[in-house]
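Each chain, written out:
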Amino acid sequence: MEQTLSIIKPDAVAKGVIGKILDRFESNGLKIAAMKKVQLSRQDAEAFYAVHAARPFFNDLVDFMVSGPVVVTVLEGENAVLKNRDLMGATNPKEAAPGTIRADFAENIDANAVHGSDSLENARNEIAFFFSGREIS
Ligand code: IDP
Ligand code: MG
C-alpha cells in the first residue's frame, strides 16, 4: 500500500468538477485517506513548489495556485503514486492521453487541474506539508 498527495487546482475547483475528479480516484482503486479545501497563501505555494523556484514559470505557477481555493487529498492504494500520475495524464493537457483527468478537465499547462506527487519520497514530504498524522485514516 502506498500513499500519495493530490491537489485539485484552482481551475478545477472553480469549474465545479471536484466531485468528478474524486470519482476518478475512487473508481480506480484509490481510497481518499484525508481531504481538505484550502486557500493557499503565497508563502505556502512558494514553499510547496520550492523545487521549481529557479524555473521561468515559477511566478506564474505561484500566482495560479493562490488564485482560488484548492482541494488537497491523500490517496491510498496499490502503486498509488504511479496510478495517480497515470490517471492525471501529461503535464500539458494538449499531450495528455484521452480519458485522463487533464485531457478531460484542464485548459492549458498553467491551469492543468491537478497536482500529483511524482515519487514515494516526494509523496511523504508533500503529505507531511499538508496533514498531521491524526488527519489521515
Ligand atoms: P507535474 O504537475 O505534471 O508534476 P511539473 O513539471 O512538476 O509537472 O510542474 C509543476 C507545475 O508547473 C505543472 O503542473 C504546471 O502547472 C507548471 N508548469 C510546468 N511546466 C511548465 C511550463 O513549461 N510552463 C508553464 N507552467 C509549467
Ligand atoms: Mg511535479
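Use the structure listed above.
Note that the coordinates shown come from a computational prediction; the quantities given were computed from them, not determined experimentally. (Residues numbered from 1 in each chain as written. Chains lettered and ligands numbered in written order. Predicted model: local features only at pLDDT ≥ 70, side-chain atom pairs only at ≥ 80, totals over all residues. Heavy atoms only, no water.)

Engineer: Explain the packing of aromatic side chains to me, using residue names and the numbers behind them.
Structural biologist: Under the defined criterion, the tally for this structure stands at four aromatic pairs. Relative to Tyr 49, the ring of Phe 48 has its centre 5.1 Å away and its plane inclined at 85°; by these criteria the two rings are edge-to-face. Exposure class is identical for Phe 48 and Tyr 49. Each is buried. Residues Phe 129 and Phe 130 carry aromatic rings whose centres are separated by 5.0 Å and whose planes lie at 75° to one another, so their mutual orientation is edge-to-face. Residue class for Phe 129 comes out partly exposed when judged on its relative accessible area of 36%. A residue is classified by how much of its surface remains accessible, and Phe 130, at 11% relative accessible area, is buried. (Phe/Tyr/Trp six-rings, centres within 6.5 Å; stacked < 30°, edge-to-face > 60°. Buried < 20%, exposed > 50% of the residue type's maximum accessible area, 1.4 Å probe, protein only.)

Engineer: Tell me what's going on with the nonpolar core, and back it up with residues and numbers.
Structural biologist: Nonpolar side chains in soluble globular proteins generally cluster together in the buried interior. Leu 5, Ile 7, Met 65, Val 72, Val 74, Phe 130 and Phe 131 are the most contacted members of the largest nonpolar core, which has 20 residues in total. Contributions of two or more residues to this core are made by β1 (2-8), β2 (31-38), α3 (42-48), α4 (58-65), β3 (70-77) and α7 (120-130). In terms of residue count, the dominant contributor to this core is α4 (five residues). Apart from the residues within four sequence positions on either side, Phe 130 is in contact with Leu 5, Ile 7, Lys 36, Leu 40, Phe 48, Val 72 and Glu 135. If you look at the next biggest cluster of nonpolar residues, it comprises 18 residues, including Val 13, Phe 25, Ala 113 and Val 114. (Core = buried A, V, L, I, M, F, W, Y, C linked by side-chain atoms within 4.5 Å. Helix = DSSP H or I, 4+ residues; strand = E, 2+ residues; numbered from the N terminus. Contact = heavy atoms within 4.5 Å.)

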